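Inside the fold
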Amino acid sequence: MVSFVANFNAMASNTVLLTNIRSLFQTRTDLKTPVKGKDLSVLPSINNAFLLIKDGQIEDFGSMSSLPSLNVPIIDCTGQSVLPAWCDSHTHIVYDGSREAEFVDKIHGLSYEDIAKRGGGILNSAARLRTATEDELFDQASARLKEVIGYGTGALEIKSGYGLSKDSELKMLRVIRRLKQSTDCLIKSTFLAAHAVPLEYKGRQAEYVSHIINDMLPEVAGEGLADYMDVFCDRGFFTTEDTDRLLEAGWKYGLKPKIHANELDFSGGIQTGVKHSAISVDHLECVGEDEINALLNSTTIPTLLPSTAFFLKLEYAPARKMIDAGLPVAIATDYNPGSSPSGRMSFVISLSCIYMKMLPEEAINAATINGACAMEVQDTYGMIAKGYEGSIIITKNIPSLAYLPYSFGSDLVDKVILKGKLQ
Ligand code: NIG
Ligand code: FE
């Protein structure tokens, strides 16, 4: 397989033509983003299609009956379908080691918050990360990146937040910068020092917030290490007052908010995110009328992370209610060692359909174009349109779109092409 990929990429030079595609999904010529409400259940597609990728971008697509005659390398997709690569807008893939001992503690009855309170959870990962070298972290995160690309992810957000000190947060963000430079997957980076209060600031949360604002932020921004600012605004973590201070400071340095909110409680995090014009508010297991109304009057993308609800046995976010109220939703993996040790977007899509009552079309829109909106890359990612990045998934032979979420756990990805290159 490796030599096939190498040979193909060498041979294909700058152009590749996919022919006889059973269904080419998410084809758009004109779209107002994000996709909301009733529109989410519409996924435009072309049957028996071709797709031409040139210089890493989508040059042309259409029905096989209108295929122009071209002398370029061909991938015959007979029986197979094509989708834009997944846009996974919320992950924490830079971390050291793993936390399966806590997984076993949970089987014995401890909750995520119990584990956090006794110094486990995020603080456990922080202790490990502080002693790991940048190279070690890069190698581990590269392996995870390679893994998720294999699942079909073509755009990915990655957060810091296991450093919780200036040096270690900067170390994480530098690893993310190296990842950005090393891959055909588009990566956005988010500064999340306000993920937990580190041990050395125990009982002095407001001082830790000041430390982030006064000492960390200027360096993070000065080195251009982050695209976004995040805060874990929830019960037992950071308050809405802390979040106000942090997001205001982030904006001063040009870091737009993308925050963790309402995972553990009706924390006010959603309203706080909306107040600060967050690009997205993420998790949202605890959502009622007030939260829906706040989101309806905003441009903030509600981003749902159902594999976290699955892994922690939380109530799922009320996606159906949100969509029926006219909201857009994005879905993402939250890939991290504590609450979602999986970066498989197809599983997130299955969970969205099974537990959040989303239709397959809604879940695919949420995993592609709306995920792209949650990373502000909707002009180049998340759909099949001329001039968009040639970042796509070629499925195995599947009978229909609904087969994707239905056949949960199966590996239905045959090939992944990112920026025109076979991965
Ligand atoms: O998104 N909720 C906060 N942070 C992560 C969990 C991180 C961890 O447990 O290591 C999340 O679920
Ligand atoms: Fe998260």
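The structure displayed is predicted, hence computed values, not measured ones.

Taken together, the protein ligands of the iron ion (ligand 2) are His90 (NE2), His92 (NE2), His260 (NE2) and Asp334 (OD), with distances of 2.1 to 2.2 Å. Between consecutive donors of the iron ion (ligand 2), the numbers of intervening residues give the motif H-x1-H-x167-H-x73-D. For the pair His90 and His92, a shared accessibility class is recorded, and that class is buried.

Two numbers describe how helix H13 (residues 345-355) lies on helix H14 (residues 360-367): the axes approach to 9 Å, and their chain directions differ by 140°. Between H13 and H14, the angle is such that the two are oblique. Crossing of H13 over H14 shows right-handed handedness. The residues of H14 that touch H13, namely those facing Met345, Ile349, Ser352 and Cys353, are Pro360, Ala363, Ile364 and Ala367. For the contact of H13 with H14, the class distribution of residues is 7 nonpolar, 1 polar and no charged.

Neighbouring residues of ligand 1: 15 residues in total, closest Tyr112, Tyr162, His195, Glu263 and Ser339. Between ligand 1 and Tyr112, the relevant distance is 2.5 Å, taken from an oxygen atom to a side-chain nitrogen or oxygen of the residue. With respect to the pocket detection grid, ligand 1 is positioned in the second largest cavity. Residues belonging to the shell around ligand 1 are distributed by class as follows: 4 nonpolar, 8 polar and 3 charged.

The next thing to look at is helix H6 (residues 166-182). The terminal C-alpha atoms of H6, which comprises 17 residues, lie 24 Å apart, in line with the 24 Å expected from a rise of 1.5 Å per residue. Elements that come into contact with the buried residues of H6 comprise helix H4 (122-131), helix H5 (134-150), strand E7 (153-159), strand E8 (186-194) and helix H7 (205-222).

This part takes up the side chain of Thr15. Here Thr15 is to be found in strand E1 (residues 15-25). Not counting chain neighbours up to four residues away, the residues in contact with Thr15 comprise Leu52, Ile53, Lys54, Val72 and Pro73.

Before going further, it helps to examine the nonpolar core. Taken as a class, soluble globular proteins show a tendency for nonpolar side chains to be buried jointly. Formed by 124 residues in total, the largest nonpolar core has its most connected members in Leu18, Leu51, Phe191 and Ile331. No other element matches the 7 residues that H7 contributes to this core. Viewed by domain, this core spans two of them, domain 1 (2-84 + 384-422) and domain 2 (87-373), each represented by three or more residues. Setting aside its immediate chain neighbours within four residues, Leu18 contacts Ala49, Phe50, Leu51, Ile75, Cys77, Val82, Ile392, Ile394 and Ile417.

Looking now at empty space enclosed by the protein. Across all of its chains, the model carries 3 cavities of 30 Å³ or more by this definition. Roughly 160 Å³ of internal volume is contained in the largest cavity. Lining of the largest cavity is provided by 17 residues; of these, Trp86, Ser346, Leu404, Leu412 and Val413 occupy positions nearest its centre. For the lining of the largest cavity, the elements supplying multiple residues, two or more each, are H13 and helix H16 (403-406). The element that contributes the greatest number of residues to the lining of the largest cavity is H13, accounting for 3 residues. Across the lining of the largest cavity, the residue classes break down as 10 nonpolar, 5 polar and 2 charged. Two domains each provide a minimum of three residues to the lining of the largest cavity, namely domain 1 (2-84 + 384-422) and domain 2 (87-373). Of the pockets and cavities examined, the second largest cavity occupies roughly 80 Å³.

Basis of the calculations
- Residue numbers run consecutively from 1 along every chain, following the written order of its sequence.
- A letter from A marks each chain and a number from 1 marks each ligand, given out in the order of writing.
- Restriction of local features to residues with pLDDT of at least 70 applies here, the model being predicted, together with a cutoff of 80 or more for giving and counting side-chain atom pairs; totals for whole chains, interfaces and linings are based on all residues.
- Working from all heavy atoms in the structure, the side-chain values ignore hydrogens and water.
- Coordination partners: N, O, S within 2.8 Å of the metal, 3.2 Å for Na, K and Ca; water not considered, so apparent gaps in a site are possible.
- Exposed residues in this analysis have more than 50% of their type's maximum accessible area, buried residues have under 20%, and partly exposed residues fall in between, with area computed by a 1.4 Å probe over protein chains only.
- Axes here mean lines fitted to C-alpha atoms, for a helix over just the part in contact, with angles spanning 0 to 180 degrees between N-to-C directions.
- Numbering of helices and strands runs from the N terminus; a helix is a DSSP stretch of H or I covering at least four residues, while a strand is a stretch of E covering at least two.
- Our angle categories are set so that under 35 degrees counts as roughly parallel, over 145 as roughly antiparallel, 65 to 115 as roughly perpendicular, and the remainder as oblique.
- Crossing chirality is assigned from the near helix's rotation relative to the far helix, an anticlockwise turn below a right angle marking it left-handed and a clockwise turn marking it right-handed.
- Whether two residues are in contact is decided by their heavy atoms: any pair within 4.5 Å suffices.
- Under the scheme applied here, ten amino acids are nonpolar (Ala, Val, Leu, Ile, Met, Phe, Trp, Tyr, Cys and Pro), four are charged (Asp, Glu, Lys and Arg), and all others, including Gly, are polar.
- Each residue is tested against the molecule or strand, and it is near if at least one of its non-hydrogen atoms lies within 4 Å.
- Polar contact is the term for a pair of N or O atoms within 3.5 Å; when the atoms are in protein, one must be able to donate a hydrogen and the other to accept it, and sequence-neighboring residues count only if both atoms are side-chain atoms.
- Any residue with an atom within 4 Å of a point lines the site, the site being either a cavity, points on a 1 Å grid over the protein atoms alone where a 1.4 Å probe fits but cannot get out, or a pocket, an open set with protein on both sides within 12 Å along at least 5 of 7 lines.
- The way we define it, a molecule is inside a pocket or cavity when more than half of its atoms are within 2 Å of that pocket's grid points.
- Take the residue count of a helix, subtract one, and multiply by 1.5 Å to get its expected span.
- Take the buried residues of types Ala, Val, Leu, Ile, Met, Phe, Trp, Tyr and Cys, join any two whose side-chain atoms come within 4.5 Å, and each joined set is a nonpolar core.
- A domain assignment, automatic or from a database, supplies the domain bounds used here.
- Grid points are joined across faces, edges and corners, and a volume is the space filled by probe spheres set on the points.

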